[in-house]
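# Chains, contacts and geometry: an overview
Single-letter residue listing:
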Amino acid sequence: MSMINSLSFENRFADLGESFFAPMQARPLPNARLVTFSREAAKLLDLDPAWLNTQEAVQIFAGHQVPDKASPLSMVYAGHQFGGYSAQLGDGRGILLGQVRNQKGELWDIHTKGSGKTPFSRFGDGRAVLRSCIREYLASEALYHLGIPTTRALLILESSEPVQREKLENAALLVRLAKSHVRFGSFEYFAHTNQPEELKKLADYCLEVHFPDLKEAEQPYDALLLRIAAETGSMIARWQAFGFAHGVMNTDNMSVLGETFDYGPYGFMEGFNPDYICNHSDEWGRYAFNQQPSIGFWNLRALAYALKDLLSGEMTEQVLEAYQTRFFEEYDRLMNKKLGLKVMMEGDRQLMGDLLPLLQKHVIDYSIFFRKLCEFTQSDDESALYVKPEHQAEFRDWVETYKTRLAQENSVDEDRSAEMKAANPKYILRNYLAQQAIEKAEAGDASEVEKLIEILSNPYDEQPEHEAYAAEPPEWGKKLEISCSS
Ligand code: AMP
Ligand code: MG
């Protein structure tokens with residue numbers, strides 16, 4: 001029996017019925033070969049990682065064979081894309097192969113991205129390319145290890161099928177694992193097509209499968225919306241604290257679980273710039289780094305509007321409250337940890353608020369600055385900061401205030417240093433690192449992808465042998481432009 005058939009498939013989404021998806025067989029990828037796979041993600045499914053390296057596994061994920069207990073389908077959804085409503089989206093190149101309950105009792109979606117045309121493909125070819133699969137693969141694992149909620153990635157296949165993007169590329173495929181593929185846009189689809197029963201069924205599915213603790217609430221749908229708002233707030237707070245920009249916060253890319261979802265032209269901020277736009281196609285900066293918190297709320301309003309007939313009344317204020325409260329709880333907590341502060345005191349926001357404009361003014365690398373700050377002692381002055389000597393004087397007042405604040409909680413340098421290192425990553429997924437790994441993989445060598453995964457799986461550790469990966473990007477790496485093309 002095939003290893004995959006030994007898994008406990010529990011295809012809950014397929015049970016919803018065909019208003020929610022199109023049953024779908026993958027269009028097989030010719031001459032598929034395994035590029036790389038994640039041992040850690042394999043464990044989430046209780047899969048023996050060695051099996052992923054077999055021809056049988058490749059054949060299954062490439063779509064030549066359907067596992068006996070799978071129930072492959074492409075989900076339907078809609079969504080607001082860059083502010084405009086798209087009435088019909090859906091998995092245009094994705095297939096939910098099935099859902100598997102692991103030994104821990106968690107239900108995981110196995111989703112293949114790049115499986116060929118579906119009824120929702122519109123103008124697309126149903127395929128994905130290697131560079132975009134690698135980018136999603138790297139980001140999911142990098143964010144996960146930083147402690148940011150995210151979908152995961154199991155493996156990447158490459159094939160000989162040519163696909164046209166800006167240039168001719170080979171079709172590739174990513175196997176994504178997620179606790180849910182239900183998006184804000186899934187609800188929008190049923191609301192805007194006036195299917196109230198289906199809308200309710202989807203909300204009930206979310207309560208049953210994802211938020212069973214809310215089923216007994218007095219107003220379960222109100223509670224569902226508020227929980228999604230809070231989880232979204234928590235996720236975006238983490239993006240902001242780590243300098244992560246998602247790039248395409250369309251409502252079809254917003255998971256109801258508040259997990260980072262559907263990676264495209266994302267980026268980690270390097271030189272601090274709140275206006276950072278990681279997506280070259282985002283001309284107006286709708287999804288710029290500092291817009292993310294307000295876009296999160298914009299998206300929640302679209303969700304609330306879709307759910308309105310199920311709610312007890314107008315809920316905008318409550319949604320904002322749930323979202324903001326959780327956002328600031330997480331953000332303040334993480335920013336205080338970045339500074340090595342144990343207790344929250346009045347003025348802490350100001351302390352950070354005085355520092356960030358200085359980083360911005362001198363375009364100082366956000367991650368390196370804070371990592372270096374982990375070594376700061378109370379007998380140091382501004383010369384100990386990661387700041388060019390000619391700009392250090394501008395940091396003098398800030399350093400004095402910081403030292404006073406540290407003294408207020410009797411901070412011990414050595415202890416603080418260790419705690420700060422657990423909050424300020426040494427290694428982040430810089431675009432140029434991903435680019436180097438992609439170029440090597442496109443030439444047939446995935447070793448750099450694997451090396452990055454290894455480094456980024458321990459982002460808070462020193463890893464002296466990998467010091468070069470913690471450095472600022474080279475000049476060419478600062479100018480990389482990543483677009484929506486994938
Ligand atoms: P994304 O920007 O990746 O979130 O995709 C937005 C929508 O376009 C989703 O419905 C995707 O399934 C669809 N899509 C993206 N790329 C392709 C493609 N190459 N072929 C078919 N559909 C696609
Ligand atoms: Mg998407």
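See the structure printed just above.
Residues numbered from 1 in each chain as written. Chains lettered and ligands numbered in written order. Predicted model: local features only at pLDDT ≥ 70, side-chain atom pairs only at ≥ 80, totals over all residues. Heavy atoms only, no water.

### Quick look at the pattern of salt bridges
- Under the criterion given, the structure shown has 36 salt bridges.
- The shortest N-O distance in the salt bridge between glutamate 40 and arginine 152 comes to 3.3 Å. Placement of the pair is glutamate 40 in helix H1 (residues 39-44) and arginine 152 in strand S10 (residues 152-164), with a sequence separation of 112 residues.
- Residue classification places glutamate 40 among the partly exposed residues on the basis of a relative accessible area of 32%.
- Classification of arginine 152 by relative accessible area gives buried; the value is 3%.
- Between glutamate 161 and arginine 127 there is a salt bridge, with its nearest N and O atoms 2.9 Å apart. Of the two residues, glutamate 161 sits in strand S10 while arginine 127 sits in the loop between strand S8 (107-113) and strand S9 (128-129), which places them 34 residues apart along the sequence.
- Its relative accessible area of 2% is what places arginine 127 among the buried residues. (Salt bridge = Lys/Arg side-chain N within 4 Å of Asp/Glu carboxyl O. Helix = DSSP H or I, 4+ residues; strand = E, 2+ residues; numbered from the N terminus. Buried < 20%, exposed > 50% of the residue type's maximum accessible area, 1.4 Å probe, protein only.)

### So, the site of ligand 1
- Ligand 1 sits among 17 residues. The nearest are Gly90, Gly92, Arg122, Gly126 and Asn253.
- Interatomic distance of 2.7 Å between a backbone N/O atom of glycine 92 and an oxygen atom of ligand 1.
- Taking arginine 93, its side chain carries an N or O atom lying 3.2 Å from a nitrogen atom of ligand 1.
- In the complex, the protein chains occlude 81% of the 480 Å² of accessible area that ligand 1 would expose alone.
- When its residues are assigned to classes, the shell around ligand 1 shows 2 nonpolar, 7 polar and 8 charged. (Near = heavy atom within 4 Å. Polar contact = N/O pair within 3.5 Å; in protein donor to acceptor, adjacent residues only side chain to side chain. Areas by Shrake-Rupley, 256 points an atom, 1.4 Å probe, with all protein chains shown as cover. Nonpolar A, V, L, I, M, F, W, Y, C, P; charged D, E, K, R; others polar.)

### Structural notes on helix H14 (residues 431-442)
- Compared with an ideal rise of 1.5 Å per residue, which puts 12 residues at 16 Å, H14 spans 16 Å between its outermost C-alpha atoms and is within 8% of the ideal.
- Buried residues of H14: Asn431, Tyr432, Leu433, Ala434, Gln435, Ala437, Ile438 and Ala441, and no others.
- Buried residues belonging to H14 abut helix H4 (130-146), strand S13 (267-268), helix H15 (447-456) and helix H16 (475-478).
- In the segment just after H14, glycine 444 is the residue with positive phi, at about 100°. (Expected span 1.5 Å × (residues − 1). Contact = heavy atoms within 4.5 Å.)

### A word on the layout of surface pockets
- Considering only enclosed or pocket space, the second largest pocket measures out at about 620 Å³ in volume.
- In this structure, the second largest pocket is lined by 26 residues; those nearest its centre are Glu270, Gly271, Val363, Pro473 and Lys478.
- When grouped by side-chain class, the residues that make up the lining of the second largest pocket number 12 nonpolar, 8 polar and 6 charged. (1 Å grid on protein atoms, 1.4 Å probe; cavity = no way out; pocket = protein on both sides within 12 Å on 5 of 7 lines; lining within 4 Å. Points joined across faces, edges and corners; volume = space filled by probe spheres on them.)

### Observations concerning the packing of helix H7 (residues 220-242) against helix H8 (residues 292-307)
- At a minimum axis separation of 10 Å, H7 and H8 run at an interaxial angle of 165°. Relative to H8, H7 is oriented roughly antiparallel. In the crossing of H7 with H8, the sense of the turn from one axis to the other is right-handed. Contacts from Leu225, Ile228, Ala229, Thr232, Ile236, Trp239 and Gln240 in H7 reach Gln292, Pro293, Gly296, Leu300, Leu303, Ala304 and Leu307 in H8.
- Residues that form the contact of H7 with H8 fall into these classes: 10 nonpolar, 4 polar and no charged. (Axes fitted to C-alpha atoms, helices over the stretch in contact; angles between N-to-C directions. Parallel < 35°, antiparallel > 145°, perpendicular 65-115°, else oblique. Left-handed = near helix turned anticlockwise from the far one by under 90°.)

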